[in-house]
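So the chains spell out like this:
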Amino acid sequence: YPDFVDTLFWIGTYEYAADVLPGHIKFFKTLMFLPGGDREKGMAMLEEVADHGILDRFSAHFVLGVFYEQQDRPDDRRRIVKKLDQHYPDFPWAGIMLAWSYAEADPPDFERAIALHEEELARIAARDAADRAELRVGAQISLARLHQVALDHRAAVTILEPIYAEVRDDEDEEIPTAFALVRSLNRTGRHDEAVEVLRRIEERYPDYEYLEALRVETGLLDGPTGLVYEAALPARVLARDGKKKEAEAAFRALLQRYPNHPEIHLRMAEMYFDEKSYPRAEAHLLKAVEGDPAMPAYVVPYGRMQLGQICDATDRRREAKAVSYTH
């Protein structure tokens, strides 16, 4: 059936997978006389299915997206997600996936990602379908998580609080919303409210598999440290956006306001580490972990891990293990 393009879906998947298999698997494949693979040929076949297929056209977009991500080809991945959105305008998650492709770009384009979420929410609101409410909640939670990644936790809380009230008693919706809400409440100094959300989940779902993970998330910050975390966000945004001088000035002002606070030193270390200014990063990390501060709970383990990475990057590998495990 030469005109049935969907046959290429499975052939193309095999061509790609057979080419990218680990060496030891390829050895056994050869012993079994299985044919070799060609990743580019496989992806070309899947592109044809994505354009002209019938049964597997929808799936081809997703498989290609995964393959392009594995091959570190973000532009091709975004192109195939755009195709998915064009070919299936009634599939709301295509627009959401496209939005995240911009958020995860280097550098990220959060403004465009947020705009695409809002466009998708408008399309969902116009739908006349039984699943409209479920789709809206899912898209709103995705938008809230996008704000979290963009370091805007107040915007995330504004979205999540009414959703959490709406999905109460629906375990599948309530628990993931609780996770996201606790995260942003903690990072805006509202630790007591985060604890209340945790307590409700503990009472209502005592057998929840990941309850301990929610406890850990809730305990990462306390109220005062959460306020410092939030105060440091503008400086971190400047650093993320490559505005080094402005970021350094903002961090220095924070150290005057919160002298030697481990959260500030940790974030300054991250900035210098990202630009490979290892001596400056190390100096701030040592101040961050000095005295093994209890809060934020992640400072000591994360700070010591990054100290080990700096030792490794500066050819001090014997020190790397020691500094990472010292506590």
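Residues numbered from 1 in each chain as written. Predicted model: local features only at pLDDT ≥ 70, side-chain atom pairs only at ≥ 80, totals over all residues. Heavy atoms only, no water.

K.L.:
Go over the layout of surface pockets, please, and point to the residues and values.
P.N.:
Size it by volume and the largest pocket reaches roughly 560 Å³. Forming the boundary of the largest pocket are 22 residues, of which Leu151, Arg236, Arg240, Glu270 and Asp274 lie nearest the centre. Elements that contribute at least two residues to the lining of the largest pocket include exactly helix 8 (132-149), helix 13 (223-240), helix 14 (244-257), helix 15 (262-274) and helix 17 (299-313). For the lining of the largest pocket, a count of residues per class yields eight nonpolar, four polar and ten charged. Its volume calculated, the second largest pocket comes out at about 190 Å³. In terms of lining, the second largest pocket is formed by Tyr68, Glu69, Asp72, Arg73, Pro74, Arg77, Arg78, Ser101, Glu104, Ala105 and Asp106. Looking at the lining of the second largest pocket, the elements that each hand over two or more residues are helix 4 (57-70) and helix 5 (74-87). A class-by-class count of the residues in the lining of the second largest pocket yields three nonpolar, one polar and seven charged. (1 Å grid on protein atoms, 1.4 Å probe; cavity = no way out; pocket = protein on both sides within 12 Å on 5 of 7 lines; lining within 4 Å. Points joined across faces, edges and corners; volume = space filled by probe spheres on them. Helix = DSSP H or I, 4+ residues; strand = E, 2+ residues; numbered from the N terminus. Nonpolar A, V, L, I, M, F, W, Y, C, P; charged D, E, K, R; others polar.)

K.L.:
Hey, could you go over helix 3 (residues 39-52) for me, with residue numbers and the actual values?
P.N.:
Spanning 14 residues, helix 3 covers 20 Å between terminal C-alpha atoms, matching the ideal 20 Å at 1.5 Å per step. If you check which residues of helix 3 are buried, you get Gly42, Met43, Met45, Leu46, Glu47, Val49 and Ala50. On its buried face, helix 3 is in contact with helix 1 (7-20), helix 4 and helix 5. With a side-chain oxygen lying 3.2 Å from the backbone nitrogen of glutamate 40, the N-terminal cap of helix 3 falls on aspartate 38. (Expected span 1.5 Å × (residues − 1). Buried < 20%, exposed > 50% of the residue type's maximum accessible area, 1.4 Å probe, protein only. Contact = heavy atoms within 4.5 Å. Polar contact = N/O pair within 3.5 Å; in protein donor to acceptor, adjacent residues only side chain to side chain.)

K.L.:
Describe the nonpolar core, with residues and values.
P.N.:
If you look at the biggest cluster of nonpolar residues, it comprises 56 residues, and the most contacted ones within it are Leu64, Leu146, Leu160, Val197 and Ile201. It is helix 8 that provides the largest number of residues to this core, a total of seven residues. Once residues lying within four places of it in the same chain are set aside, the contact partners of leucine 64 are Met43, Leu46, Glu47, Ala50 and Ile80. (Core = buried A, V, L, I, M, F, W, Y, C linked by side-chain atoms within 4.5 Å.)

K.L.:
Please give an account of the packing of aromatic side chains that cites residues and values.
P.N.:
On inspection of all chains with the given rule, the structure shows nine aromatic pairs. Arranged with centres 3.7 Å apart and planes meeting at 10°, the rings of tyrosine 16 and phenylalanine 67 form a pair that is stacked. With tyrosine 16 in helix 1 and phenylalanine 67 in helix 4, this residue pair connects regions lying 51 residues apart in the sequence. Under the relative-accessibility criterion, tyrosine 16 is labelled buried at 1%. (Phe/Tyr/Trp six-rings, centres within 6.5 Å; stacked < 30°, edge-to-face > 60°.)

K.L.:
I'd like a description of a negative patch on the surface, backed by residues and values.
P.N.:
A cluster of like negative charges, contributed by Glu134, Asp170, Glu171 and Asp172, occupies part of the molecular surface. Inspection of the secondary structure assignment puts aspartate 170 in the loop between helix 9 (153-166) and helix 10 (171-186). Note on aspartate 170: relative accessible area 37%, which makes it partly exposed. (Patch = residues over 30% accessible without salt bridge, like charges linked within 9 Å, V, L, I, M, F, W, Y side chains within 5 Å. Areas by Shrake-Rupley, 256 points an atom, 1.4 Å probe, with all protein chains shown as cover. Salt bridge = Lys/Arg side-chain N within 4 Å of Asp/Glu carboxyl O. Lys, Arg positive; Asp, Glu negative; His and termini not counted. Charge placed at Lys NZ, Arg CZ, Asp CG, Glu CD.)

K.L.:
Outline the pattern of salt bridges, listing residues and values.
P.N.:
The tally for this structure, following the rule as stated, stands at 31 salt bridges. The residue glutamate 202 makes a salt bridge to arginine 215 at a minimum N-O spacing of 2.7 Å. On the criterion of sequence distance, the pair formed by glutamate 202 in helix 11 (residues 191-204) and arginine 215 in helix 12 (residues 211-219) is long-range, its members being 13 residues apart. With a relative accessible area of 19%, glutamate 202 lands in the buried category. Across the salt bridge formed by glutamate 275 and lysine 244, the nearest N and O atoms sit 3.2 Å from each other. Here glutamate 275, found in the loop between helix 15 and helix 16 (278-289), pairs with lysine 244, found in helix 14; they are 31 residues apart in sequence, far enough to count as distant. According to the relative accessible area criterion, glutamate 275 is partly exposed, its value standing at 31%. The exposure class of lysine 244 is partly exposed, given its relative accessible area of 35%.

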